[in-house]
Amino acid sequence: STGAVTYNMSRQDEQCPLCQTYRHVAPAMKLFATPCGHHMCDSCKAREFAGKDSMVCPVEPGCGQVLRVTELTPKVFEDGSVHRAVLLRKQLLRDFILTRSDFASLEEYNDYLELKEEFAYNLANSIDLEQTKRGIAEFVARNRSKIAAHQGSVQRTKQKEQQELEADEQHKAQRALHREQERRQQLQSKAEQQETLLRQLQTTGRVSLVAAAAAAASAAAAAAGGPGARQSQAVREVRVGKRKEHADSDEEDAQAGGSIPSPRPFVYTRHVVHVDSPIVPCTPFLRQRRYTEAWPVRNADQLAAAGYTPDIAVKRALQEAYCCLFA
């Protein structure tokens, strides 16, 4: 949008008044605002306040305001006077926090609001500062008890909100812990059930089901961080029992005079297709009559390296033709 483009351009044009560095030259530059409405970058801040907690504003020689390093805040407003006015109004509202119930009539309350705005305007624009500060001090002295009561109420409200936030965070943490405990209990219960199933299958000798159950038990134990050692022991017992069962069976066969049959070696038998058609000519005949040379083959060198020759394609074409004609 146009507004976004204008904002980005104005950001690029920002400049530190001390070192004269532009943002487009140093994109990572951070600007800080002073209570007097001036700006300085993070490098100038570190340089000017090196070894010092406070100093006179270095941006403008005629300013004269004493600055503390903790008072510098990241720049928010383009106009420094706006930042200064906001800070002054916040300071003023610490004392001017009376409400309608503190005044006997609406006229007195309206006079109080006008006085507050007049003080804020004078402070922001440096108009009659001595008289304005004297008027603020007189107002605070006249209404000290009411101001203290409101400040205590505000403080109690903030403490209550903070306590509610902390209680909410603790409640969330307890709920998360409770859910994690329930999940672990469910996984542990499932692992124990699978271990029981493994032992039952070992007793009945159903080894195929044992293998599937063992795999499921191992996965559950790894997820739960539970009794994985006991389940591994159960799986080992199943395997040992299976080997022992085979050994006992072989020993019984040997004692009975029988012999264990050895597996027969695999013998390849060529599959012969019987069709009522002439026999396909042999390869030397096809090459002698130069039938293979007329067969178009792409990438002949690569095919020959893989064991493919043109006579294979010629034989396949003749076989398909014979089968179609004489089948």
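Analysis parameters
- Residues numbered from 1 in each chain as written.
- Predicted model: local features only at pLDDT ≥ 70, side-chain atom pairs only at ≥ 80, totals over all residues.
- Heavy atoms only, no water.
- Helix = DSSP H or I, 4+ residues; strand = E, 2+ residues; numbered from the N terminus.
- Expected span 1.5 Å × (residues − 1).
- Buried < 20%, exposed > 50% of the residue type's maximum accessible area, 1.4 Å probe, protein only.
- Contact = heavy atoms within 4.5 Å.
- Salt bridge = Lys/Arg side-chain N within 4 Å of Asp/Glu carboxyl O.
- Pairing = 2+ DSSP bridges.
- Phe/Tyr/Trp six-rings, centres within 6.5 Å; stacked < 30°, edge-to-face > 60°.
- Lys NZ or Arg CZ within 6 Å of the ring centre and 35° of its normal.

Novice: If you had to explain helix H3 (residues 80–93) to someone new, which residues and values would you point to?
Specialist: In a regular helix each residue adds 1.5 Å, so 14 residues correspond to 20 Å; H3 covers 20 Å between its end C-alpha atoms and thus fits that length. By the burial criterion, the buried members of H3 are Gly80, His83, Arg84, Leu88 and Leu92. Where H3 is buried, its residues contact strand S1 (31–33), strand S2 (39–41), strand S5 (73–74), helix H4 (106–125) and helix H5 (129–142).

Novice: Before we move on, could you go through the environment of lysine 315 and cite the residues and values that matter?
Specialist: Checked against the element boundaries, lysine 315 lands in helix H11 (residues 310–326). Once residues lying within four places of it in the same chain are set aside, the contact partners of lysine 315 are Val280, Pro281, Cys282, Thr283 and Leu286.

Novice: Let's hear about H5: which residues, and what values?
Specialist: Helix length check: H5, at 14 residues, gives a terminal C-alpha distance of 20 Å against a target of 20 Å (1.5 Å per residue), a fit within 8%. Structurally, H5 contributes buried residues whose contacts are with H3, H4 and helix H6 (144–204).

Novice: Summarise the pattern of salt bridges; cite the residues concerned and give the values.
Specialist: Scanning all chains against the criterion turns up eight salt bridges. The partner of aspartate 168 in a salt bridge is lysine 172, and the shortest N-O contact between them spans 3.9 Å. One end of the pair is aspartate 168 and the other is lysine 172, both in helix H6 and four residues apart, which spans about a single turn. The class for aspartate 168 is partly exposed, based on a relative accessible area of 34%. Overlapping salt bridges bring together Glu14, Arg23 and Lys75 as one network.

Novice: Got a sec to walk through the sheet that holds S1? Specific residues and values, please.
Specialist: Strand pairing in a sheet relies on backbone hydrogen bonds, with the paired strands running either antiparallel or parallel. Within the open sheet, the three strands sit side by side as S2-S1-S5. Their pairing is antiparallel. If you trace the sheet from one side to the other, it starts and ends with S2 and S5, each paired once. In this structure, S1 lies alongside S2, joined through three bridges in antiparallel fashion. Directly across from leucine 31, in S2, lies its bridge partner cysteine 41.

Novice: Can you tell me about the packing of aromatic side chains, naming the residues and giving the values?
Specialist: Evaluation of the coordinates by the stated rule reveals seven aromatic pairs. An angle of 75° between the planes, with centres 5.8 Å apart, marks the rings of phenylalanine 96 and phenylalanine 119 as edge-to-face. In this pair, phenylalanine 96 sits in the loop between H3 and H4 while phenylalanine 119 sits in helix H4, placing the two residues 23 residues apart along the sequence. Of the two residues examined, phenylalanine 96 and phenylalanine 119, each falls in the buried class. Look at phenylalanine 103 and tyrosine 109: their rings are 5.8 Å apart centre to centre, the planes differ by 55°, and that puts the pair in the tilted class. Each residue in the set Phe96, Phe103, Tyr109, Tyr112, Phe119 and Phe139 is aromatic and connected to the rest through ring pairs, giving one cluster. Geometry around phenylalanine 32 places lysine 45 over its ring, the cationic atom sitting 4.2 Å from the centre.

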